[in-house]
Amino acid sequence: MKITAAEQFECVSDVLCDVCGDSTRVEGYGLQFGTLQGSWGFGSVHDGERYEVHLCEPFFSEQWPT
Ligand SMILES: [Zn+2]
């Protein structure tokens with residue numbers, strides 16, 4: 001989930017993890033997150049729909065350890 005701030009120009013002020021809802025902001029280092037994208041096409045049940053999921057580092061590294 002991207003949170004945008006309407007200032008002079010639209011900028012992403014924070015990104016929340018779509019699993020646990022935590023902020024992905026690391027103090028002093030900006031936003032640290034992973035994304036998963038789904039873009040469903042012809043023949044799929046969700047034809048034409050597009051998803052972008054944001055994941056925090058703790059969840060991401062738990063699912064896909066390096
Ligand atoms: Zn999370």
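Everything discussed here concerns the structure shown above.
Sequence positions are assigned chain by chain, starting from 1 and proceeding in written order. Totals for whole chains, interfaces and linings use all residues, but because this is a predicted model, local features are given only for residues with pLDDT of at least 70 and pairs of side-chain atoms are given and counted only at 80 or more. Think of the side-chain values as coming from all heavy atoms in the structure, minus any hydrogens and water.

**Here we look at the overall build of the protein chain**
No. 1: Each helix corresponds to a stretch of at least 4 residues labelled H or I by DSSP, and each strand to a stretch of at least 2 residues labelled E; elements are numbered beginning at the N terminus. Looking only at helices and strands, the protein chain has one helix and six strands in total.
No. 2: Counting from the amino terminus, the protein chain carries its helices and strands in the arrangement β-β-β-β-β-β-α.
No. 3: Over its C-alpha atoms the protein chain spans a radius of gyration of 14 Å, topping by over 25% the 11 Å that the globule rule assigns to 66 residues.
No. 4: In terms of principal-axis extent, the alpha carbons of the protein chain reach across some 45 × 40 × 15 Å. Radius of gyration: C-alpha atoms only; globule rule: 2.2 Å multiplied by the number of residues to the exponent 0.38.

**Remarks on the packing of aromatic side chains**
Aromatic ring pairs are defined here through the distance separating the ring centres and the angle between the ring planes.
No. 1: The rule is short: rings of Phe, Tyr and Trp, with Trp giving its six-membered ring, pair when the centres are within 6.5 Å, and they are stacked under 30 degrees, edge-to-face over 60, tilted in between. Taken as a whole, this structure holds one aromatic pair when the rule is applied.
No. 2: With centroids separated by 5.0 Å and ring planes inclined at 50 degrees, the aromatic side chains of Phe60 and Trp64 adopt a geometry described as tilted.
No. 3: Buried means the residue's accessible area, taken with a 1.4 Å probe over protein chains only, is under 20% of the maximum for its type, while exposed means over 50%, and partly exposed covers the values in between. Classification of Phe60 as partly exposed rests on a relative accessible area of 27%.

**What about the coordination of the zinc ion?**
No. 1: Protein ligation of the zinc ion involves Cys17 (SG), Cys20 (SG) and Cys56 (SG), the donor distances falling in the range 2.1 to 2.2 Å.
No. 2: Along the chain, the residues that donate to the zinc ion are spaced as C-x2-C-x35-C. Highlighted residues: Cys17 in the loop between β2 (10-15) and β3 (25-26) and Cys56 in strand β6 (residues 50-56), separated in sequence by 39 residues. Neither Cys17 nor Cys56 differs from the other in exposure class; each is buried. Only nitrogen, oxygen and sulfur atoms qualify as donors, provided they sit within 2.8 Å of the metal or within 3.2 Å for Na, K and Ca; with water excluded from the atoms, sites may seem incomplete.

**Remarks on the environment of His54**
No. 1: Along the chain, His54 turns up in strand β6.
No. 2: Judged by relative accessible area, which is 3%, His54 ranks as buried.
No. 3: Linking His54 and Phe33, residues 21 residues apart in sequence, is a C-alpha distance of 6.5 Å.
No. 4: Contacts: residue pairs with any heavy atoms within 4.5 Å of one another. The residues contacting His54, other than those within four sequence positions of it, are Met1, Lys2, Val15, Leu16, Cys17, Asp18, Phe33, Gly34 and Thr35.
No. 5: Reaching out from His54, the side chain makes a polar contact with the side chain of Glu52 at a distance of 3.1 Å. Think of a polar contact as two N or O atoms within 3.5 Å of one another; within protein, one of them needs to be a possible hydrogen donor and the other a possible acceptor, and neighboring residues in sequence only count if both atoms come from side chains.

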